[in-house]
Amino acid sequence: MSEQRGRRTAIVTGAARGIGRAIALALARHGFALAVVDLRREQLDATAAELRALGAEALPIVADI
């Protein structure tokens, strides 16, 4: 996590489901901008849409980390 000009950001891996998704949603509720990473494109896009609905910036990245 980093803080730049008052904006907090985080990278969450495994964000398409399970614990990673829950962490991403919790961080979004606390005002974080997020880069969410997973192998599952459809589920990841759905998670990113949920994050945006909460008012968070969300960048979905399909990758194997």
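Residues numbered from 1 in each chain as written. Predicted model: local features only at pLDDT ≥ 70, side-chain atom pairs only at ≥ 80, totals over all residues. Heavy atoms only, no water.

1. Quick word on the overall build of the protein chain
- Within the protein chain one finds 2 helices and 4 strands.
- Element order for the protein chain, N to C, with α for helix and β for strand: β-β-α-β-α-β.
- Scaling as 2.2 N^0.38, a compact globule of 65 residues should have a C-alpha radius of gyration of about 11 Å, and the protein chain matches this with 11 Å.
- Dimensions of the protein chain along its principal axes, counting C-alpha atoms only, are 30 × 25 × 15 Å.
- The burial tally for the protein chain puts 35% of its 65 residues in the buried class.
- For the protein chain, contacts bridging at least 24 residues in sequence account for 49% of all contacts bridging at least 6.
- On the protein chain, roughly 4200 Å² of surface is accessible, and the fraction owed to carbon and sulfur atoms is 53%.
- Where the 9 positive side-chain charges of the protein chain centre and where its 7 negative ones centre are 4 Å apart. (Helix = DSSP H or I, 4+ residues; strand = E, 2+ residues; numbered from the N terminus. Rg over C-alpha atoms; globule rule 2.2 N^0.38 Å. Buried < 20%, exposed > 50% of the residue type's maximum accessible area, 1.4 Å probe, protein only. Contact = heavy atoms within 4.5 Å. Areas by Shrake-Rupley, 256 points an atom, 1.4 Å probe, with all protein chains shown as cover. Lys, Arg positive; Asp, Glu negative; His and termini not counted. Charge placed at Lys NZ, Arg CZ, Asp CG, Glu CD.)

2. Quick notes on helix H2 (residues 41-53)
- Taking 1.5 Å per residue as the helical rise, H2 with its 13 residues ought to reach 18 Å, and the 18 Å between its terminal C-alpha atoms agrees with that figure.
- Turning to H2, its buried residues are Leu44, Thr47, Ala48 and Leu51. Buried residues in H2, looked at end-on, bunch into an arc of 100°, giving them a common side. Set apart from the buried face of H2 by more than 90 degrees, the exposed residues are Glu42 and Ala53.
- Summarising the contacts, the buried residues of H2 are in contact with helix H1 (18-29), strand S3 (33-38) and strand S4 (58-62).
- A positive phi of about 95° marks Gly55, the residue just after H2. (Expected span 1.5 Å × (residues − 1). Arc of directions from axis to C-beta.)

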